[in-house]
Amino acid sequence: MVSALSILILGGAGVQNSYVARDLVKAGHKVRLLSRNPQNEEPASLAALGVEVIAADTYDEDALVSAFKDIDSVFVNTNGFAIGEKSEIYWGIRIYEIAHWAGVKHFIYSALPYVSKKSSFNPKYRVPFTDGKAKVAEYLKSQPTDQMNWSILESGPYAENFLLYSLAPQLDDETGEYVYRAYLGEQGSMALVSLAELGWFARYMFEHPEEFRGDLLSVGIQHVTGKMMAEAFTAVTGHKARYEPITRDQMESRLVPKKIGTSHSPGYDDPTLVTQREMFVPWWTIWNESHGNVGLWTRDYERLDKIKPDRLKTVEQWLRSVDYKVENELKPVLKSDFAWAK
């Protein structure tokens, strides 16, 4: 039996951190989490479960030094959407340095694949919020593990966000079918991630630190095409569904051409602060050109099967796991509390 750990979660009470915190507390670990607004619904909900929620800012050095007191391990998942690539790189490295100085034993960083590097830095595939995390991961790979063990947990697009909200099918009144629409072409596929299982794998990494000493684990369900989404929907609900690919122009028209930022972002005129369009056109291009588990965004599904043989392996299994129903209310999963910079 694994002894209870004291684990600090940094990056706020967003959806990923919340799932990780809930899984850790349920397993008997002591969890501390920083939140700028602990009175908000999600931090308050975590506090009710036993999470020690502290009113503090992750991006404040004094707050970090105080938060690391009596902590064994840390899970870091900064919000690249809100703070921008430049700030995410700085704070990812700075948090590592403070954790090392504070005597933390295990540092787990939530990252995304370095797609730009895999594409020989082709700007067509440059997604700032993935590159920011990936550059911090590259820094970690250059660090020793003798004093503080480090591990990287690579996530991806959340099934909870895309299947339950962003790509949720719309009813075609003429045919009675439900229609999935996405910029995935006929063969493009997304490496969807279950947040519940991401929380499970994060806990497993904390409880088996030697297995992931200086190592990276990429989590996911499977690479899913639009057609596969529609087929899974029909299998689970009994309602007919189809997939219709949209064009690049249609995809771009849905994105706001304004910059995103918060108080921790660089100034509006800083070129590293980008618009929704600049952020997500390359993002969708990656999936449009990903035909299965090959190319720029891959997962080691066999390794995941060995670690968790009963993991969710298909979209249909995932839909059943969340008791998916057509009449369920559509709710956004990702936090949208960042402000437009101008």
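Residues numbered from 1 in each chain as written. Predicted model: local features only at pLDDT ≥ 70, side-chain atom pairs only at ≥ 80, totals over all residues. Heavy atoms only, no water.

Novice: Describe the pattern of salt bridges, naming the residues involved and giving the relevant values.
Specialist: Tallied over the entire structure, the rule returns 26 salt bridges. Between Lys124 and Glu289 there is a salt bridge, with the nearest N and O atoms lying 2.8 Å from each other. Of the two residues, Lys124 sits in the loop between helix H5 (115–118) and helix H6 (128–141) while Glu289 sits in the loop between helix H11 (276–288) and helix H12 (301–307), which places them 165 residues apart along the sequence. In this structure, Asp305 and Arg311 form a salt bridge, with 2.6 Å as the shortest nitrogen-oxygen distance. By relative accessible area, Asp305 is classed as partly exposed at 26%. Classification of Arg311 by relative accessible area gives buried; the value is 4%. Each member of the salt-bridge network shares a partner with another, and the members are Asp172, Glu177, Arg181, Arg242 and Glu244. (Salt bridge = Lys/Arg side-chain N within 4 Å of Asp/Glu carboxyl O. Helix = DSSP H or I, 4+ residues; strand = E, 2+ residues; numbered from the N terminus. Buried < 20%, exposed > 50% of the residue type's maximum accessible area, 1.4 Å probe, protein only.)

Novice: Give a detailed account of the sheet that holds strand S5 (residues 106–111), specifying residues and quantitative values.
Specialist: Strand order in the open sheet made by the 7 strands is S3-S2-S1-S4-S5-S6-S10, with parallel pairing throughout. The sheet is open, and its two borders are formed by strand S3 (52–55) and strand S10 (215–218), each paired with just one other strand. Between one strand axis and the next, the sheet turns by 20° as a mean value, whatever way the strands run. Strand contacts of helix H4 (residues 80–101): strand S1 (6–10), strand S4 (73–76) and S5, with the helix running at about 170° to S5, the strand carrying the most contacts. (Pairing = 2+ DSSP bridges. Axes fitted to C-alpha atoms, helices over the stretch in contact; angles between N-to-C directions. Contact = heavy atoms within 4.5 Å.)

Novice: Let's hear about the pairing of S3: which residues, and what values?
Specialist: Two strands pair when backbone bridges link them, and strand S2 (residues 30–35) and S3 are joined in this way by 4 bridges, in the parallel orientation. By the bridge assignment for S3, Leu33 is matched with Val53. For the handedness criterion, the β-α-β arrangement of S2, helix H2 (residues 41–49) and S3 is classed as right-handed. (Right-handed = clockwise from strand over helix to strand, strands pointing away.)

Novice: Can you break down the packing of helix H1 (residues 15–26) against helix H8 (residues 195–207) residue by residue, with the values?
Specialist: Packing of H1 against H8 leaves a shortest axis separation of 8 Å and a crossing angle of 55°. Relative to H8, the element H1 is oriented oblique. In the crossing of H1 with H8, the sense of the turn from one axis to the other is right-handed. Contact residues: Val15, Gln16, Tyr19, Val20, Asp23 and Leu24 in H1; Leu195, Ala196, Leu198, Gly199, Trp200, Ala202, Arg203 and Phe206 in H8. Each residue belonging to the contact of H1 with H8 can be placed in one class, and the counts come to 10 nonpolar, 2 polar and 2 charged. (Parallel < 35°, antiparallel > 145°, perpendicular 65-115°, else oblique. Left-handed = near helix turned anticlockwise from the far one by under 90°. Nonpolar A, V, L, I, M, F, W, Y, C, P; charged D, E, K, R; others polar.)

Don't take any of this as a statement about function, it's just geometry.
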